[in-house]
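If you want the building blocks of each chain, they are given just below.
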Amino acid sequence: MTPTREILSVGLIFLCALVNLTRRQWLTNLIALALQYIGVFVLLQDVRPITMAFVPLFVGLMTTLTMLVTLIGSGKMQKPVFFEQVSMGEVFRAIAGLVAVIFVALLIPTIRREIFPTTGTFILLGSLGLVLLSLLQVGMMIEPLYITIGLLSMLSGFQLLYASLETSALLEALFVALNLGLGLVGAFFLVKQEDVVP
């Protein structure tokens, strides 16, 4: 794979993870999650055959579609407002995310040399950056959709890192089950949230 393609896919992954960390518009977040799965798919082609790399993409898009249909069916989907005023919370989360990305980028040579010598630089950067941004998202938000997106992103980053270390069909099946399970649990909590009376 060419370095330009790897750089673009890592950039897409980071951009989508930062959008999910900062913005609170459901349709925008689900589109960013789907694009993030495409970026992970491009990086996975480096270490997996295309058929094995396609499985996480397909499952991720199915999970995203499940949450989208749940939001539409519950009547909670709102039209996205693209040019609304940015809140201070969004600015704080964006700065925290950028600091985390810079921190990971600076530590990648050391981590690669000491811990993961067989893993490519861009795969390591994309996977660890995605895991760190997802942890920030899970820690900073309380809504079920954002926590589900954060957990799915964290699992996707871990799956990318593990794929660079070892090939295991059984573990891929476990990742598929976890992704689908998280998507269904997230959809359940989206529907259950409307039953709670304030």
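Reference entry: report on the structure contained in this document. Keep in mind it's a predicted model, so treat the numbers as computed, not measured. Counting restarts for each chain, with residues numbered from 1 along the sequence as it is written. Thresholds applied to this predicted model are a pLDDT of at least 70 for local features of residues and 80 or more for the giving and counting of side-chain atom pairs; totals over whole chains, interfaces and linings are not thresholded and use all residues. Heavy atoms from the whole structure form the basis of all side-chain values; hydrogens and water molecules are not counted.

## Observations regarding the overall build of the chain
Step number 1: Helix numbering and strand numbering both begin at the N terminus, where a helix is a DSSP run of H or I of at least 4 residues and a strand a DSSP run of E of at least 2. Of the regular secondary structure elements, the chain holds seven helices and zero strands.
Step number 2: Mapped in sequence order, the helices and strands of the chain form the string α-α-α-α-α-α-α.
Step number 3: Its C-alpha atoms give the chain principal-axis dimensions of roughly 50 × 40 × 25 Å.
Step number 4: Sequence-distant contacts in the chain: of pairs separated by 6 or more residues, those separated by 24 or more amount to 75%.
Step number 5: Accessibility throughout is a Shrake-Rupley quantity obtained with a 1.4 Å probe, and a residue counts as covered only by protein chains that appear here. Counting only carbon and sulfur atoms, one obtains 75% of the accessible surface of the chain, whose full area is about 10,200 Å².
Step number 6: Side chains of the chain carry 10 positive and 10 negative charges; the gap between the two charge centres is 4 Å. The criterion used for residue contact is that any of the two residues' heavy atoms lie within 4.5 Å. Charge counting follows a simple rule: Lys and Arg are positive, Asp and Glu are negative, and His as well as the terminal groups are ignored. Charged side chains are reduced to one point each, which is NZ for Lys, CZ for Arg, CG for Asp and CD for Glu.

## With respect to the environment of Arg-5
Step number 1: The topology assignment puts Arg-5 in helix 1 (residues 3–22).
Step number 2: Once you skip the residues sitting within four places of it in the chain, Arg-5 turns out to touch Val-42 and Gln-45.
Step number 3: A polar contact of 2.5 Å, which involves the side chain of Arg-5, links it to the side chain of Gln-45. Polar contact criterion, stated in full: a pair of N or O atoms within 3.5 Å, where within protein one must be able to donate a hydrogen and the other to accept it, and residues adjacent in sequence count only if both atoms are side-chain atoms.

## A closer look at the packing of helix 3 (residues 50–74) against helix 6 (residues 144–165)
Step number 1: Convention adopted: a line fitted to C-alpha atoms gives each axis, helices being fitted over their contacting stretch, and angles between N-to-C directions are expressed from 0 to 180 degrees. The interhelical angle for the contact between helix 3 and helix 6, taken along N-to-C directions, is 180 degrees, at an axis separation of 12 Å. For the element pair helix 3 / helix 6, the angle class is roughly antiparallel. Of the residues in helix 6, those touching helix 3 at Pro-56, Thr-63, Met-67 and Leu-71 are Leu-145, Thr-148, Ile-149, Leu-152 and Gln-159.
Step number 2: Classification used: nonpolar for Ala, Val, Leu, Ile, Met, Phe, Trp, Tyr, Cys and Pro, charged for Asp, Glu, Lys and Arg, polar for all others including Gly. A class-by-class count of the residues in the contact of helix 3 with helix 6 yields six nonpolar, three polar and no charged. Every angle not falling under 35 degrees, over 145, or within 65 to 115 is termed oblique; those three ranges are roughly parallel, roughly antiparallel and roughly perpendicular.

## Observations concerning helix 2 (residues 26–44)
An α-helix turns once per 3.6 residues; consequently, residues spaced three or four apart project the same way.
Step number 1: Working rule for helices: expected span equals 1.5 Å times residues minus one. Between the first and last C-alpha of helix 2 there are 27 Å, a value that for 19 residues agrees with the 27 Å anticipated at 1.5 Å per step.
Step number 2: Of all the 19 residues making up helix 2, 14 are buried; the element is thus mostly covered by neighbouring parts of the structure. Burial classification: accessible surface area is computed with a 1.4 Å probe over protein chains only, and a residue below 20% of its type maximum counts as buried, one above 50% as exposed, and the rest as partly exposed.

## So, the pattern of salt bridges
Step number 1: One speaks of a salt bridge when a side-chain nitrogen belonging to Lys or Arg is within 4 Å of a carboxyl oxygen belonging to Asp or Glu. Scanning the entire structure with this criterion turns up four salt bridges.
Step number 2: We note a salt bridge from Glu-143 to Arg-24, for which the minimum N-O separation is 2.4 Å. Here the residue Glu-143 occupies a position in the loop between helix 5 (121–140) and helix 6, and Arg-24 occupies one in the loop between helix 1 and helix 2, the gap between them amounting to 119 residues.
Step number 3: Under the relative-accessibility criterion, Glu-143 is labelled partly exposed at 22%.
Step number 4: Here Glu-172 and Arg-48 are joined by a salt bridge, their closest N and O atoms 3.1 Å apart. Of the two residues, Glu-172 sits in helix 7 (residues 169–193) while Arg-48 sits in the loop between helix 2 and helix 3, which places them 124 residues apart along the sequence. Taken as a pair, Glu-172 and Arg-48 share a single burial class, namely buried.

## Digging into the nonpolar core
Step number 1: For the purposes of this section, nonpolar cores are sets of buried Ala, Val, Leu, Ile, Met, Phe, Trp, Tyr and Cys residues that join through side-chain atoms within 4.5 Å. Grouped together as the largest cluster of nonpolar side chains are 36 residues, with contacts concentrated most on Phe-14, Met-67, Leu-133 and Leu-145.
Step number 2: Taken together, the elements giving at least two residues each to this core come down to helix 1, helix 2, helix 3, helix 4 (88–114), helix 5 and helix 6.
Step number 3: With eight residues, helix 2 is the single largest residue contributor to this core.
Step number 4: Excluding its chain neighbours within four sequence positions, the residues that come into contact with Met-67 are Leu-30, Leu-33, Leu-145, Thr-148, Ile-149, Leu-152, Gly-183 and Leu-190.

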